[in-house]
Amino acid sequence: MKLIFAQGNPGAQYATTRHNIGFILIDTLAEQWGISFTEKTKFKALVAEKTINGEKVLLIKPTTFYNDTGIAARALVDFYKLNPSQGILVIHDEIALPFGTIRTRERGRDAGNNGIKSLNSHIGEEYKRIRIGIYQQLRDRMHDAEFVLGHFSKEEQTAFPKLFPVVKDFVESFLADSFELTKVTVPIENSSS
């Protein structure tokens, strides 16, 4: 069994914020796979399920706020008796990477990301990650919290379909146990506004 765990904030007001790029991409994956999310209060999460090559795969969107997503992860790990290093892939925004850059990791500290800090405190640092760059020049003129809770520009939103195939490839490599550490830069129009 494997979990694809997206970081984000619940609620329509956050749907197009930078912190929700994980939710945006996992929603696209669920749509492509033809599955839908159901609220599972015992996990504090929305869960969509699919069987791929005989293995159960769960797509997870926590219903806690971003900084408390470790609570949902812990509940899932305990219930399904998962080993995070083999069974969990987290998709999250990365303020230190330029928009259009996607980088994978197998483990690590939080680097100031409070959602990752929550995950690390609840399930440890040994889980795989897809880090989606959200940095653009506007970030230099505002506080981090204001920036990550700001909405993507229209130009950035039109770039999501370019990001998705790269993320989907990484998800598929994780499911096939061939996840690799790499960095991909997707060609994006200027998104500095």
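Computed from a predicted model, the values in this text were never measured in an experiment.

Help me understand the nonpolar core, please; the structure alone is not making it clear to me.
Within soluble globular proteins, side chains that are nonpolar tend to cluster in buried spots. The biggest cluster of nonpolar side chains holds 37 residues, and the ones touching the most others in it are Ile4, Ile130 and Val171. The biggest single contributor to this core is helix α6 (residues 154–175), with ten residues. Not counting residues up to four positions away in its chain, the partners in contact with isoleucine 130 are Leu89, Val90, Ile91, His92, Ile102, Arg103, Thr104, Val167, Phe170, Val171 and Phe179. In terms of nonpolar packing, the next biggest core, distinct from the first, is built from 18 residues, Ala45, Ala72, Ile116 and Tyr127 among them.

When you look at α6 in this model, what are you seeing that I'm missing?
One turn of the α-helix equals 3.6 residues, which is why residues spaced by three or four share an orientation. Spanning 22 residues, α6 covers 32 Å between terminal C-alpha atoms, matching the ideal 32 Å at 1.5 Å per step. Along α6, the sharpest change in direction is near 35 degrees and occurs at proline 161. Once α6 ends, the next one or two residues include aspartate 177, with phi positive near 60 degrees.

Help me understand the pairing of strand β7 (residues 128–135) in this model?
Consecutive residues of a regular strand have side chains that alternate between opposite faces of the sheet. With seven of eight residues buried, β7 lies mostly within the body of the structure. Two elements, strand β6 (residues 101–105) and β7, share four bridges in a ladder whose sense is antiparallel. Residue isoleucine 102 lies in a different strand from β7, and its bridge partner there is isoleucine 132.

Could you clarify how one ought to interpret the environment of aspartate 144 in this entry?
When you line up the elements, aspartate 144 lands in helix α5 (residues 144–148). Taking the C-alpha atoms as reference points, aspartate 144 and isoleucine 95, 49 residues apart in sequence, are found 8.2 Å from one another. Excluding anything up to four places from it in sequence, aspartate 144 contacts Ile95 and Arg139.

Explain the sheet that holds strand β4 (residues 55–62) here, please?
Backbone-to-backbone hydrogen bonds pair the strands of a sheet. The strands run either parallel or antiparallel. An order of β2-β3-β4-β1-β5-β7-β6-β8 is seen for the eight strands of this open sheet, with the pairing classed as mixed. Looking at the sheet topology across the chains shown, the edges are occupied by β2 (38–40) and β8 (183–185). Pairwise comparison of adjacent strand axes, ignoring direction, gives a mean angle of 30 degrees for this sheet. Against the sheet, helix α4 (residues 114–123) makes contact with β1 (2–6), β5 (88–98) and β7, and its axis sits at roughly 145 degrees relative to β5, the strand it touches most.

Help me understand the packing of aromatic side chains, please; the structure alone is not making it clear to me.
For any pair of aromatic rings, the description consists of the separation of the ring centres together with the inter-plane angle of the planes. Overall, the coordinates contain seven aromatic pairs when judged by the stated rule. Both rings, one in phenylalanine 43 and one in tyrosine 80, keep their centres 5.7 Å apart while their planes meet at 35 degrees; by these two values the pair is tilted. Taken together, the residues phenylalanine 43 in the loop between β2 and β3 (45–52) and tyrosine 80 in helix α2 (residues 69–80) connect sequence positions 37 residues apart. A ring pair is formed by phenylalanine 174 and phenylalanine 179, whose centres lie 6.3 Å apart and whose planes are at 85 degrees; its orientation type is edge-to-face. We note that phenylalanine 174, like phenylalanine 179, is buried. An aromatic cluster of at least three residues, connected via ring pairs, comprises Phe43, Phe79 and Tyr80. Cation over ring: lysine 61 sits above phenylalanine 23, and NZ or CZ is 5.3 Å from the ring centre. A cation over an aromatic ring shows up here: lysine 61 above the ring of phenylalanine 37, its NZ or CZ 4.7 Å from the ring centre.

Looking at this model, I keep getting lost on α2. Mind explaining?
Compared with the 16 Å implied by 1.5 Å per residue over twelve residues, the 17 Å span of α2 between its first and last C-alpha is a close match. Taken residue by residue, α2 has Thr69, Gly70, Ala72, Ala73, Leu76 and Val77 as its buried positions. Axial view of α2: buried residues confined to an arc of 155 degrees, hence all on one face. Looking at the buried side of α2, the elements it contacts are β1, β3, β4, α3 (84–87), β5 and α4. One or two residues past the end of α2 sits lysine 81, with phi positive at roughly 50 degrees.

Criteria and thresholds
Residues numbered from 1 in each chain as written. Predicted model: local features only at pLDDT ≥ 70, side-chain atom pairs only at ≥ 80, totals over all residues. Heavy atoms only, no water. Core = buried A, V, L, I, M, F, W, Y, C linked by side-chain atoms within 4.5 Å. Buried < 20%, exposed > 50% of the residue type's maximum accessible area, 1.4 Å probe, protein only. Helix = DSSP H or I, 4+ residues; strand = E, 2+ residues; numbered from the N terminus. Contact = heavy atoms within 4.5 Å. Expected span 1.5 Å × (residues − 1). Bend = angle between axes of the 7 residues up to and from the residue. Pairing = 2+ DSSP bridges. Axes fitted to C-alpha atoms, helices over the stretch in contact; angles between N-to-C directions. Phe/Tyr/Trp six-rings, centres within 6.5 Å; stacked < 30°, edge-to-face > 60°. Lys NZ or Arg CZ within 6 Å of the ring centre and 35° of its normal. Arc of directions from axis to C-beta.

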